Amino acid sequence: MTDAGRRAELAANLERVRERIAQACAAAGRPPDSVTLTAVTKTYPASDVLLLAGLGVTDVAENRDQEASAKVDAVRAGGARPRWHFVGQLQRNKVKSVLGYADVVESVDSVRLADALGRAAAGREEPLEALIQVSLDGDPARGGVFGDDLWRVSDAVTSSEGLRLGGLMAVAPLGEDPGAAFARLAEIAGQMASRYPGATTVSAGMSGDLEAAVRYGATHVRIGTSLLGMRNSLR
């Protein structure tokens, strides 16, 4: 496909996704600009990120450091500076590398990881925004904190000068009504905002369930397939 053809394809997909977000916001009685679209570009090339940036997408997410590092460099060389989110499970030995490009880490799920991020982020001009990944089903295999661990990790983030607690991230459990899962998340988000008034970000909802996420207060939706198409190997 030519660059012009791919741009047209992405523009059409983006228009449809933005319309879905606008309709979901209208149904929830929310302004459409209360929800940020984060494009999940894993397995897609830097050229797609550059095209999306040219179409007005400001936030981009990756979940593997090795892929993201090279892609960020190529995007910067192409003249675009989107806000980069890291959304994958993060090993502590990858923290320094990820902090070389990430503006937000959405998958903070342990005190040890929060401490490692805080040490690595010390001295940054702007603190790293950290979102606590919440488990909505208690399954440790899928990542995320559960129960009172949320507050222990949140305290670890807020005690670090190099980090800023932004809020929460979650994924709806497989096989469960996403509305019920995001309703639980909304309760947790309310508790977090009461404890930490600045921590109001709620990153939830993907291509298949963004409407339910918006209904229950998501401020960011992470969209991959509906925006970029079915995933293949990196082109």
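Residues numbered from 1 in each chain as written. Predicted model: local features only at pLDDT ≥ 70, side-chain atom pairs only at ≥ 80, totals over all residues. Heavy atoms only, no water.

Assigned secondary structure in the chain consists of 9 helices and 8 strands. Seen along its three principal axes, the alpha-carbon backbone of the chain occupies a region of about 50 × 40 × 30 Å. Sequence separation of at least 24 residues holds for 64% of the intrachain contacts in the chain that already meet a minimum separation of 6. For the chain, the accessible surface area stands at approximately 10900 Å², while carbon and sulfur atoms represent 50% of it. The distance from the centre of the 27 positive side-chain charges to the centre of the 29 negative ones in the chain is 3 Å. (Helix = DSSP H or I, 4+ residues; strand = E, 2+ residues; numbered from the N terminus. Contact = heavy atoms within 4.5 Å. Areas by Shrake-Rupley, 256 points an atom, 1.4 Å probe, with all protein chains shown as cover. Lys, Arg positive; Asp, Glu negative; His and termini not counted. Charge placed at Lys NZ, Arg CZ, Asp CG, Glu CD.)

Now for helix H3 (residues 65–77). End to end, H3 covers 18 Å across 13 residues, agreeing with the expected 18 Å (1.5 Å per residue, within 8%). For H3, the complete set of buried residues consists of Asp65, Glu67, Ala68, Lys71, Val72 and Val75. The buried residues of H3 occupy an angular sector of 145 degrees when the element is viewed end-on, so they sit on one face. In H3, the exposed positions angled more than 90 degrees off the buried face are occupied by Gln66, Asp73 and Ala77. Looking at the buried side of H3, the elements it contacts are helix H2 (46–54), strand S2 (59–62), strand S3 (83–86) and helix H4 (95–98). Note on H3: the residue one or two positions beyond its end, Gly79, has a positive phi of about 95 degrees. (Expected span 1.5 Å × (residues − 1). Buried < 20%, exposed > 50% of the residue type's maximum accessible area, 1.4 Å probe, protein only. Arc of directions from axis to C-beta.)

We now examine the environment of Gly179. Of note, Gly179 is situated in helix H7 (residues 178–195). Not counting the four nearest positions on each side in its chain, Gly179 is found in contact with Ala212, Arg215 and Tyr216.

Close contact between helix H1 (residues 3–28) and H2 brings their axes to 10 Å; oriented N to C, the two are set at 55 degrees. With respect to their mutual orientation, H1 and H2 come out oblique. Classified by chirality, the crossing of H2 by H1 is right-handed. Across from Asp3, Arg6, Arg7 and Leu10 in H1, the residues of H2 making contact are Asp48, Leu51, Leu52 and Gly54. Of the residues assigned to the contact of H1 with H2, the class counts are 3 nonpolar, 1 polar and 4 charged. (Axes fitted to C-alpha atoms, helices over the stretch in contact; angles between N-to-C directions. Parallel < 35°, antiparallel > 145°, perpendicular 65-115°, else oblique. Left-handed = near helix turned anticlockwise from the far one by under 90°. Nonpolar A, V, L, I, M, F, W, Y, C, P; charged D, E, K, R; others polar.)

It is worth spelling out the nonpolar core at this point. In terms of nonpolar packing, the biggest core is built from 71 residues, with Val105, Val108, Leu117, Ile132, Leu150, Leu168 and Met192 touching the most fellow members. Non-local contacts of Val105, meaning those with residues more than four positions away in its chain, are made with Phe86, Leu90, Val98, Leu117, Leu128, Glu129, Ala130 and Leu131. (Core = buried A, V, L, I, M, F, W, Y, C linked by side-chain atoms within 4.5 Å.)

Before going further, it helps to spend a moment on helix H5 (residues 111–121). Residues of H5 that are buried include every one of Leu113, Ala114, Ala116, Leu117, Gly118 and Ala121, and no others. The elements touched by buried residues of H5 are H4, strand S4 (104–108), strand S5 (128–134), helix H6 (149–158) and strand S6 (163–170).

What follows is about the side chain of Gln133. Here Gln133 is to be found in strand S5. Given the relative accessible area of 6%, Gln133 is considered buried. If we skip the residues at most four places from it in the chain, Gln133 touches Glu106, Ser107, Val108, Asp109, Arg142, Gly143, Gly144, Val145 and Met169.

Between H5 and H6, whose axes approach to 9 Å, the crossing angle comes to 10 degrees. In this view, H5 runs roughly parallel relative to H6, as classed from their interaxial angle. Across the interface between the two elements, Val111, Ala114 and Asp115 of H5 pack against Arg152, Val153, Ala156 and Val157 of H6. The class makeup of the residues in the contact of H5 with H6 is 5 nonpolar, no polar and 2 charged.

Such coordinate-based values are descriptive only and should not be taken to indicate function.
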